[in-house]
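Results of the structural survey
Spelled out from the first residue to the last, the chains are:
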Amino acid sequence: MNQTKSFCISKNELWSAYKKVKANKGAAGLDGQTIKEFEKDLKGNLYKLWNRMSSGSYFPPPVLRVEIPKADGAVRPLGIPTVADRIAQMVVKQRLEPELEQHFHQDSYGYRPGKSALDAVGKARKCCWNNDWVLDLDIKGFFDNIDSQLMLKAVQAHTTEKWVLLYIERWLKAPIKLQDGTLKYPEKGTPQGGVISPLLANLFLHYAFDRWMDRTYPNVPFERYADDAVCHCKTLAQAESLKQKLNGRMNEVGLELHPDKTRIVYCKDDNRRRDYKTVSFDFLGFTFRPRLSRNRNGKYFVNFSPAISKKAKKSIYQTIKDWQLTRRSLLDISDIASRINPVIRGWINYYGRYYKSALYPILRHLNRRLSRWAMRKYKRFRFHELRASYWLGKIAHRDSNLFVHWTWGIKPSTGQ
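Residues numbered from 1 in each chain as written. Predicted model: local features only at pLDDT ≥ 70, side-chain atom pairs only at ≥ 80, totals over all residues. Heavy atoms only, no water.

Observations regarding the overall build of the protein
We count it as follows: Put simply, DSSP H or I for four residues or longer makes a helix, DSSP E for two residues or longer makes a strand, and each gets a number counted from the N terminus. Working definition: with a 1.4 Å probe on protein chains only, accessible area under 20% of the residue-type maximum means buried, over 50% means exposed, and in between means partly exposed. Here the open area of atoms and residues is found with the Shrake-Rupley method and a 1.4 Å probe, where only the protein chains shown may cover a residue. Counting rule for charge: Lys and Arg are taken as positive, Asp and Glu as negative, and neither His nor the chain ends is counted. A charged residue contributes its charge at one atom only: NZ of Lys, CZ of Arg, CG of Asp or CD of Glu.
In terms of regular secondary structure, the protein is built from 14 helices and 11 strands. Its C-alpha atoms give the protein principal-axis dimensions of about 80 × 60 × 40 Å. Put simply, the protein has 416 residues, and 47% of those count as buried. Taken as a whole, the protein presents about 21,700 Å² of accessible surface, with 48% of it coming from carbon and sulfur. Here the protein carries 73 positive and 40 negative side-chain charges, and the mean point of each set is 8 Å from the other.

Looking at the sheet that holds strand β11 (residues 300-308)
Basically, it comes down to this: Two strands pair under a simple rule: DSSP has to find at least two bridges between them. Axis definition: a line fit to C-alpha positions, over the contact stretch in the case of helices; interaxial angles, taken between N-to-C directions, run 0 to 180 degrees.
The strand order β9-β10-β11 describes an open sheet built from 3 strands, whose pairing is antiparallel. In this open sheet, the two edge strands, each paired with only one partner strand, are β9 (281-283) and β11. Going from strand to strand, the sheet's axes swing by 50° on average, the running direction of each strand aside. Bridge analysis of strand β10 (residues 286-294) against β11 gives 9 bridges, and the strand direction is antiparallel. Note on β11: the bridge partner recorded for L292 is V302.

Comments concerning the sheet that holds strand β6 (residues 222-225)
Rules: When checking whether two residues touch, look at their non-hydrogen atoms; a contact exists if any pair is within 4.5 Å.
Spatially, 4 strands are ordered β6-β7-β3-β8 in an open sheet, and the strand pairing comes out antiparallel. On the outer flanks of this sheet lie β6 and β8 (263-266), each paired with one strand and no other. Recorded for the sheet is a direction-independent mean angle of 15° between the axes of neighbouring strands. Pairing of β6 with strand β7 (residues 228-233) involves 4 bridges; the strand directions are antiparallel. Within the sheet, the bridge partner assigned to Y225 lies in β7 and is D228. Against the sheet, helix α9 (residues 197-216) engages β3 (133-138), β6 and β7, with an angle of about 175° to β6. Most of the contacts of helix α10 (residues 236-252) go to β3, to which it runs at about 20°, and overall it touches β3, β7 and β8.

Quick word on the side chain of N303
Selection rule: Distance and chemistry together define a polar contact, namely a pair of N or O atoms within 3.5 Å, with one atom able to donate a hydrogen and the other to accept it when in protein, and with adjacent residues in sequence counting only for side-chain atoms on both sides.
When you line up the elements, N303 lands in strand β11. A relative accessible area of 13% places N303 in the buried class. In terms of polar contacts, N303 uses its side chain to reach the side chain of W129, at 3.2 Å. In this view, N303 contacts W129, D269, R289, P290, R291 and S293; residues no more than four positions away in its chain are not counted.

Considering the packing of aromatic side chains
As a reminder, the rule being used: Classification of ring pairs uses Phe, Tyr and Trp, with its six-membered ring standing for Trp, and accepts pairs whose centres are within 6.5 Å; under 30 degrees between planes counts as stacked, over 60 as edge-to-face, and the remaining range as tilted. For a lysine, the NZ atom is tested; for an arginine, the CZ atom; a charge sits over a ring if that atom is within 6 Å of the ring centre and within 35 degrees of the ring normal.
One pass over the full model with this rule turns up 24 aromatic pairs. Between the aromatic rings of Y350 and Y351, the centroid separation amounts to 4.9 Å while the plane-to-plane angle is 90°, which identifies the pairing as edge-to-face. Directly above the ring of W50 sits K11, whose terminal nitrogen or CZ lies 4.8 Å from the centroid. Across the ring face of Y355, the terminal group of R291 is positioned such that the distance to the ring centre comes to 5.4 Å.

Just geometry here; none of it tells us what the structure is for.
Below is the structure:
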């Protein structure tokens, strides 16, 4: 450690942060520098960054604004920092996160060590069985509207490290390079896409939402994943009261509940048959609604439970289309499998956790796409999709592990 520096930041912290940034991959920022290009002078670049951070002279460069289309036609603005700035943010995150983790709420699941979106979905599933009503929350433009002063006040409650506060304040004020080339100097918000942003978002909502819920509605369970949250109420009156008071609470901290997307939902099933206009909601890629289920004795009943959402299905179908398998006729089937299996495995591991039969039509569709690949590759199957499907089915019979979804039993027919 160089004792002449203003701040005690070790070189090992920079090295550890670099390795995590590299593992997370990510696009180049405003300077166009990729991880590989950064690594061409890795020792020099890390030393330069350490020297500036530990002396207090590091100022983050502008964040590159990128707009990602959303399913509803709107766009999601992402801020892409440079590689060096991502490493700097990771240094601060690594220093601050262990302290914050001691205080975060047990039902805050987003971007936290040892917690996952599936954990949140599973908890929501159990709470829907035990509570008749859900308040499905949507915070309007959350990341763009975080109050910077309240954010810094929350950070100050958890650290006395002056350099942590200094750099977080600089990141909150860092200019944003818009698509038309102009620079925007934000007065509020934190760019969605930054390394430090999810941690800051969790900290802000820890005080704005989690602790407020514990104080004001201690008997109302909830699950929160970043700014996506659902609350479980016993009665409609309780849900309406919570919605009204949460509106006021969000206004107090400079936020706003989306008036159309924040909804009260009735968890309808065989035992809850009241008529209500809204009986479904989406949460983390799953749609919760009444579904036909079967108990251990083989008897069918209506259960309020999650399954893959229409939006997630649409995204998967688009991904399969984008693979353009029929144009991959130069590849062997084992090559196709090695390329797409990691993605299929991700779908199955996530969306197959609850009501996995909802995935079956997608996986059968994938088999048809593979049959059409075979039609393009082999002349004997040209114009004969059924023969191609039988051929694929025989391969599946011999090697059921070739494609991940075949291990689930979703195989092409052999025609036998």
